[in-house]
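Observations on the model geometry
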Amino acid sequence: KWRARSSAILTGVQTVLADDPLLTVRDLKIGRQPLRVVLDSRLRTPPGARMLRADGKTIIVTGNDDMALTNALKQAGAEVARIPTQRNTIDLNELFRHLVWLEVNEVLVEAGATLCGTLLRQGLVDELIMYYAPHIMGSHERGMFLLPPLVRMADRVNVEISDVRALGKDWRIVARVKSVK
């Protein structure tokens, strides 16, 4: 069991498969790496993923009970936690209950539009920290949040911006989520 770990970085298996991220804090002044949490309902995380060799702990959250896949991930250095799934989707409320049990009190998300949109739609986001690079990519590229089409303006997500600043050539916007319909 992990003790008194205050923060975690959450991502989905699609991000692991597409980017093979480390999900580490590079300018580490806090003393240890946050717990890395990968949502992987079908245990598709490769045992050779870079994050499994990085400093800190990684937990793979799944609903899959395949012992061969589980053992391969454990041998690679991961912990594996089983949480109920419905239609290959991990119950996010159960996930957060599990993280509370692990004494995690802050969850940072670095994920794709599907997981980010689901967290937002389910009311599980308090604050957004968004980084914008000076590039225009077009209207057919993937957005930050996979959300249903906006039918009425009343269905939009309301945020309150608390900070905007330039970071080199990029911009960082911090906003609190006010309401999600």
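Check the entry above for the structure.
All of these numbers come straight from a predicted model, not from anything done at the bench. Along each chain, the written sequence defines residue order, and numbers are assigned to residues from 1. Only residues with pLDDT of at least 70 are given local features in this predicted model, and only at 80 or more are side-chain atom pairs given and counted; all residues enter the totals for whole chains, interfaces and linings. Values shown for side chains rest on all heavy atoms present in the structure; no hydrogens or waters enter the calculation.

Describing the side chain of T70
Selection rule: A run of DSSP states H or I qualifies as a helix once it reaches four residues; a run of E qualifies as a strand once it reaches two. Both are numbered from the N-terminal end. Whenever two N or O atoms come within 3.5 Å, that pair is a polar contact, provided that in protein one can donate a hydrogen and the other can accept it, and provided that, for residues adjacent in sequence, both atoms are side-chain atoms. Every residue pair with non-hydrogen atoms within 4.5 Å of one another is taken to be in contact.
Here T70 lies in helix α2 (residues 67-75). From its side chain, T70 meets the backbone oxygen of D66 in a polar contact 2.9 Å long. When residues no more than four places from it in sequence are discounted, the contact partners of T70 are L43, V80 and R82.

Focus: a nonpolar patch on the surface
To keep it simple, the criterion reads: Each patch is built from residues lacking any salt bridge and having more than 30% relative accessible area; the joining distance is 9 Å for like charges and 5 Å for nonpolar side chains (Val, Leu, Ile, Met, Phe, Trp, Tyr). Surface accessibility follows the Shrake-Rupley procedure with a 1.4 Å probe radius. Residue values consider only the protein chains on display as shielding. Should a side-chain nitrogen of Lys or Arg be within 4 Å of a carboxyl oxygen of Asp or Glu, the pair is scored as a salt bridge.
On the surface, a nonpolar cluster with roughly 550 Å² of combined accessible area is contributed by Y132, M144, V159, I161, V164 and W171. Of all the elements, strand β9 (residues 158-167) adds the most residues to the nonpolar patch, at three residues. Looking at where W171 falls in the secondary structure, it is placed in strand β10 (residues 170-179).

Let's talk about the pattern of salt bridges
Side-chain pairs of opposite charge can arise whenever the charged atoms involved come near each other. Evaluation of the coordinates by the stated rule reveals six salt bridges. One salt bridge in this structure joins E94 and R97, with 2.9 Å as the shortest N-O distance. Here E94 and its partner R97 are both found in helix α3 (residues 92-101), three residues apart, which amounts to about one turn of the helix. R165 serves as the salt-bridge partner of D163, at 2.9 Å between the closest nitrogen and oxygen. When salt bridges that share partners are traced, they join D163, R165 and R172 into one network.

Digging into α3
Heads up, the rule is: Residue burial is assigned from relative accessible area. The probe radius is 1.4 Å, only protein chains are included, and a residue is buried under 20% of its type maximum, exposed over 50%, and partly exposed in between. Within this analysis, the arc is defined by the directions that extend from the helix axis to the C-beta atoms.
All of the buried residues along α3 are L92, L95 and L99. The buried side chains of α3 occupy one side of the element, clustering within an arc of 50 degrees when seen end-on. Along α3, the residues that are exposed and aim more than 90 degrees away from the buried face are R97 and V100. Elements in contact with the buried residues of α3: β1 (7-12), β2 (35-39), β3 (58-62), β6 (89-90), β7 (106-109) and α4 (113-121). Sitting at the amino-terminal end of α3 is D91, which places a side-chain oxygen 2.9 Å from the backbone nitrogen of N93. Directly beyond the C-terminal end of α3, a positive phi value near 70 degrees is found at E103.

Thoughts on the sheet that holds strand β4 (residues 79-82)
Defined as follows: Two strands qualify as a pair provided DSSP detects at least 2 bridges between them. Working convention: axes come from line fits to C-alpha atoms, limited for helices to the stretch in contact. Angles between N-to-C directions cover 0 to 180 degrees.
What the five strands build is an open sheet, ordered β4-β3-β2-β1-β7; its pairing is parallel. The open sheet has two edge strands, β4 and β7, and neither has a second partner. Across the sheet, the mean angle separating the axes of adjacent strands is 30 degrees when strand polarity is ignored. Relative to β2, β1 is paired through five bridges, and the arrangement is parallel. Paired with I9 across the two strands is R36, which belongs to β2. Relative to β4, α2 is tilted by about 140 degrees, and along the sheet it contacts β3 and β4.

Re the nonpolar core
Generally speaking, soluble globular proteins have nonpolar side chains that are buried together. Our working definition: To qualify as a nonpolar core, a set must consist of buried Ala, Val, Leu, Ile, Met, Phe, Trp, Tyr and Cys residues joined through side-chain atoms within 4.5 Å.
With 24 residues, the main nonpolar core has L10, L35, V37, L39, V61, L95 and L99 as its most contacted residues. Looking at this core, the elements that each hand over two or more residues are β1, β2, β3, α3, α4, β8 (127-132) and β10. Ignoring any residue separated from it by four or fewer positions in sequence, one finds V61 in contact with V37, V38, L39, D40, S41, A81, I83, I90 and L95. Listed in part, the 13 residues of the second largest apolar core include I9, A49, I60 and V80.

Some thoughts on the sheet that holds β9
Spatial ordering of the open sheet is given by β8-β10-β9, a layout of three strands whose pairing is antiparallel. Both edges of this open sheet fall to β8 and β9, since each of them pairs with a single strand only. Neighbour-to-neighbour, the strand axes of this sheet turn through a mean angle of 20 degrees, independent of strand direction. By the bridge criterion, nine bridges tie β9 to β10 in an arrangement that is antiparallel.

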